[in-house]
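Next come the chains, spelled out residue by residue.
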Amino acid sequence: MAWTRFQVFLALLMVFTGSINTISTKWADTIKSVGRDGELKNFDHPFFQASTMFLGELMCLVLFKTLYIIYSRRADGTEDVSELTKGNRNFNPLILYIPAICDMTATSIMYIGLNLTFASSFQMFRGSVIVFVGLLSVAFLNRNLERREWSGIGFVIIGLAVVGVADFVSQNGEQQHNKNDVITGDMLIVIAQIIQAVQMVVEEKFVRGENIPSLQAVGWEGLFGFVTLALLQIPFYFIHAVPPLTQRSGDRLEDAIDALVQMGNSIPLFFAILGTIISIAFFNFAGISVTKEMSATTRMVLDSVRTIVIWVFSLAFFGQAFHWLQVQFVHMLFQFDE
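So, here is what we can say about the structure in this document.

The rules behind each value
Residues numbered from 1 in each chain as written. Predicted model: local features only at pLDDT ≥ 70, side-chain atom pairs only at ≥ 80, totals over all residues. Heavy atoms only, no water. Helix = DSSP H or I, 4+ residues; strand = E, 2+ residues; numbered from the N terminus. Contact = heavy atoms within 4.5 Å. Areas by Shrake-Rupley, 256 points an atom, 1.4 Å probe, with all protein chains shown as cover. Core = buried A, V, L, I, M, F, W, Y, C linked by side-chain atoms within 4.5 Å. Buried < 20%, exposed > 50% of the residue type's maximum accessible area, 1.4 Å probe, protein only. Expected span 1.5 Å × (residues − 1). Patch = residues over 30% accessible without salt bridge, like charges linked within 9 Å, V, L, I, M, F, W, Y side chains within 5 Å. Salt bridge = Lys/Arg side-chain N within 4 Å of Asp/Glu carboxyl O. Axes fitted to C-alpha atoms, helices over the stretch in contact; angles between N-to-C directions. Left-handed = near helix turned anticlockwise from the far one by under 90°. Nonpolar A, V, L, I, M, F, W, Y, C, P; charged D, E, K, R; others polar. Phe/Tyr/Trp six-rings, centres within 6.5 Å; stacked < 30°, edge-to-face > 60°.

### With respect to the overall build of the chain
Right, so step 1: On a plain count of helices and strands, the chain comes out with 13 helices and two strands.
Right, so step 2: Taking all contacts inside the chain whose residues are at least 6 apart in sequence as the whole, residues at least 24 apart take part in 80%.
Right, so step 3: Accessible surface, the chain: about 15,000 Å² in total, of which carbon and sulfur atoms supply 67%.

This is the structure we're talking about:
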């Protein structure tokens, strides 16, 4: 079935803003700034970064409420026909708490992994979510996968092994990541994809069935995730951890105050975090809209398309070495997309 113009717009918006989000987040990880201890150091605050992501999602709820008030005051029924506000607006928000917690957990784990590995490898390993969404869709959504879809899942699994080998043999020109860090980061990203797949399937089962406006759904998930993670950072402040969770042994598991000080001392870092907040708001709106308009599997396939953008950008600006095995994985992803 041919896509509508709105669905094409959602697909392009998801690929573009998703690419910006990963690039902005990795850019922040590479920036050195003076912290509250007076030392110049890398920005290593994965849980704080995850909080900024949920802050971006929370902005969607503010936008939804604003648009709904504006449209309602027109008294012409605009709020019931606009793509941004139409749908079931009276629902129990708690049905979004489970996907929000899945998102919070997966994002925090992924940001730790991203700090240990390359941006392109991060995005390529995120492609593994296609496998897990496919399997969970069969188990819990009673979906029957076609032979070509099973073949595609097989290609992705082979491709993940290929990227793992490429990461192991590749060397960064600046030696920014050692092999142990890269392998640990890659494994954390794959683990996060299992949790992310649960989120996508739950959203398709409940959000799509409830016909919840996409902005409202993203906003509630952002509110739940932001409040939960903000509260968790209080005990995280008093927990001292060791690498790879922290840069040095004895550092706090998360120090939000230090993160804010570093942002205040670096304009590029401030804009990198701002880019993460804004891009994730648009990306999650587009993503949950694709789930609602089409399916969770389509959402994951579109997510894999931005791999090529991030890979090229990483080669050009993040100092990642070119390796032909990664080209093979990108090719396999696009075979699956077909």
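Moving on from the coordinates now.
### Some remarks on the nonpolar core
Right, so step 1: By size, the foremost hydrophobic cluster in this structure holds 37 residues, and its most contacted members are Met14, Phe47, Leu215, Leu229 and Val290.
Right, so step 2: If you list the elements that add at least two residues to this core, you get α1 (5–30), α2 (46–74), α3 (97–116), α8 (214–238) and α10 (267–293).
Right, so step 3: At eight residues, α2 tops the list of elements feeding residues into this core.
Right, so step 4: In this structure Phe47 touches Ser108, Ile112, Leu229, Gln233, Phe236, Leu253 and Glu254, once residues within four positions along its chain are discounted.

### Some words on α3
Right, so step 1: Taking 1.5 Å per residue, 20 residues should reach 28 Å; α3 reaches 29 Å between its end C-alpha atoms and fits that length.
Right, so step 2: Most of α3 sits out of view: 15 of its 20 residues are buried.

### Examining a nonpolar patch on the surface
Right, so step 1: A contiguous nonpolar surface patch, about 680 Å² in accessible area, is contributed by Trp27, Ile267, Phe270, Phe271, Leu274, Ile278 and Phe282.
Right, so step 2: Looking at which element gives the most residues to the nonpolar patch, the answer is α10, with six residues.
Right, so step 3: Structurally, Trp27 is set in helix α1.
Right, so step 4: Assessed through its relative accessible area of 35%, Trp27 is described here as partly exposed.

### Points about the packing of α2 against α8
Right, so step 1: Remark: α2 packs on α8, axes separated minimally by 7 Å, with the N-to-C direction vectors making an angle of 145 degrees. Our pair here, α2 against α8, has a crossing hand that is left-handed.
Right, so step 2: Residue composition of the contact of α2 with α8, grouped by class: 18 nonpolar, six polar and three charged.

### A look at the environment of Leu114
Right, so step 1: Its location among the elements puts Leu114 in helix α3.
Right, so step 2: Every residue in contact with Leu114, bar those within four places of it in the chain, is listed here: Thr25, Lys26, Asp29, Ala119, Phe122 and Ile189.

### Side note on the side chain of Thr52
Right, so step 1: Assignment of secondary structure puts Thr52 in helix α2.
Right, so step 2: By relative accessible area, Thr52 is classed as buried at 6%.
Right, so step 3: For Thr52, the residues in contact, after removing those within four places along its chain, are Ile273, Thr276 and Ile277.

### Quick word on the pattern of salt bridges
Right, so step 1: Scanning the entire structure with this criterion turns up four salt bridges.
Right, so step 2: Asp258 is paired through a salt bridge with Lys41; the nearest N and O atoms lie 3.2 Å apart. Of the two residues, Asp258 is situated in helix α9 (residues 256–264) and Lys41 in strand β2 (residues 40–42); the sequence distance between them amounts to 217 residues. Each member of the pair Asp258 and Lys41 is classed as buried.
Right, so step 3: Here Arg89 makes a salt bridge to Asp80, at a shortest N to O gap of 2.8 Å.
Right, so step 4: Using a relative accessible area of 44% as the deciding quantity, one classes Asp80 as partly exposed.
Right, so step 5: A single network of salt bridges, built from pairs that share partners, joins Asp37, Lys41 and Asp258.

### As for the packing of aromatic side chains
Right, so step 1: Summed over all chains, the structure comprises seven aromatic pairs.
Right, so step 2: When the ring of Phe47 is compared with that of Phe236, the centres are 4.8 Å apart and the planes differ by 50 degrees; the resulting orientation is tilted. Of the two residues, Phe47 sits in helix α2 while Phe236 sits in helix α8, which places them 189 residues apart along the sequence.
Right, so step 3: Given a relative accessible area of 15%, Phe236 falls into the buried group.
Right, so step 4: Ring plane angle 80 degrees and centroid distance 5.5 Å describe the contact between Phe270 and Phe271, whose orientation is recorded as edge-to-face.
Right, so step 5: Site record: aromatic cluster; members linked through ring pairs are Tyr97, Trp220 and Phe224.

### Looking at the environment of Gly222
Right, so step 1: Structurally, Gly222 can be placed in helix α8.
Right, so step 2: When its relative accessible area of 0% is taken as the criterion, Gly222 is described as buried.
Right, so step 3: Counting along the chain gives 170 residues from Gly222 to Thr52, while the straight-line C-alpha distance between them is 9.7 Å.

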